[in-house]
Amino acid sequence: MKIITRKTYLIFWSIALVLFLPYIFDIDLDSTLDINIHDTYFVIQHFYIGLFYLIFFGISGLIYWLLEILKRKRIDWLTITHSLITVISIIIFSLYIRLMSISCNTCYYKSIKDSFSKI
């Protein structure tokens, strides 16, 4: 628990790199997240979601690092709670995006293959 409360910035920076690496080396460069709100479609490439993770965790780590440099007192239970909730929620969201893109891409390619086979 000491590393979570004292070196929180290292945890956030390492998680930022771990979550960003799969998006850099993504084989399917056209993989996207499609969000439909009423009559508007928002299409976001997975690379930009990974870039958001990198920036979010990088800034969070920077804030904790500045608190360490400036010798500010942190509340231990609040630091642990913030770290765990943030990391767990982002990992769950990231897994959800990956699983949805796998299932949707296979359905999409299957329908394209069927449409070409009819020609």
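These figures come from a predicted structure and were not determined experimentally. (Residues numbered from 1 in each chain as written. Predicted model: local features only at pLDDT ≥ 70, side-chain atom pairs only at ≥ 80, totals over all residues. Heavy atoms only, no water.)

(A) Layout of the environment of Leu67. Relative to the assigned elements, Leu67 resides in helix H3 (residues 46–69). For the pair Leu67 and Tyr9, spaced 58 residues apart in the sequence, the C-alpha separation amounts to 9.5 Å. Excluding residues within four positions of it along the chain, Leu67 makes contact with Arg72 and Arg74. (Helix = DSSP H or I, 4+ residues; strand = E, 2+ residues; numbered from the N terminus. Contact = heavy atoms within 4.5 Å.)

(B) Representation of the environment of Pro22 in the model. Within the secondary structure, Pro22 is located in helix H2 (residues 8–24). With 24 residues separating them in the primary sequence, Pro22 and His46 have C-alpha atoms 9.6 Å apart.

(C) Highlighting unusual backbone geometry. Non-glycine residue His38 carries a positive phi angle of around 55 degrees. Counting through the fold element by element, His38 comes out in the loop between strand E1 (32–37) and strand E2 (40–45). A relative accessible area of 78% means that His38 is categorised as exposed. Of note, the phi angle at Lys71 is positive, near 55 degrees, even though the residue is not glycine. Along the chain, Lys71 turns up in the loop between H3 and helix H4 (76–117). When its relative accessible area of 71% is taken as the criterion, Lys71 is described as exposed. (Buried < 20%, exposed > 50% of the residue type's maximum accessible area, 1.4 Å probe, protein only.)

(D) Broad picture of the pairing of E1. Alignment of E1 against E2, held across 6 bridges, turns out to be antiparallel. Following the sheet pairing, Leu33 is matched in E2 by Ile44. Hairpin connection, E1 to E2: the antiparallel pair is bridged by 2 residues, and His38 has positive phi, about 55 degrees. (Pairing = 2+ DSSP bridges.)

(E) Representation of the nonpolar core. By size, the foremost hydrophobic cluster in this structure holds 13 residues, and its most contacted members are Ile15, Leu19, Ile49, Tyr53, Phe57, Ile90 and Ile97. For this core, the secondary-structure elements that each account for two or more residues are H2, H3 and H4. Of all the elements, H2 adds the most residues to this core, at 5 residues. Setting aside residues no more than four positions away along its own chain, Ile15 makes contact with Phe57 and Val87. (Core = buried A, V, L, I, M, F, W, Y, C linked by side-chain atoms within 4.5 Å.)

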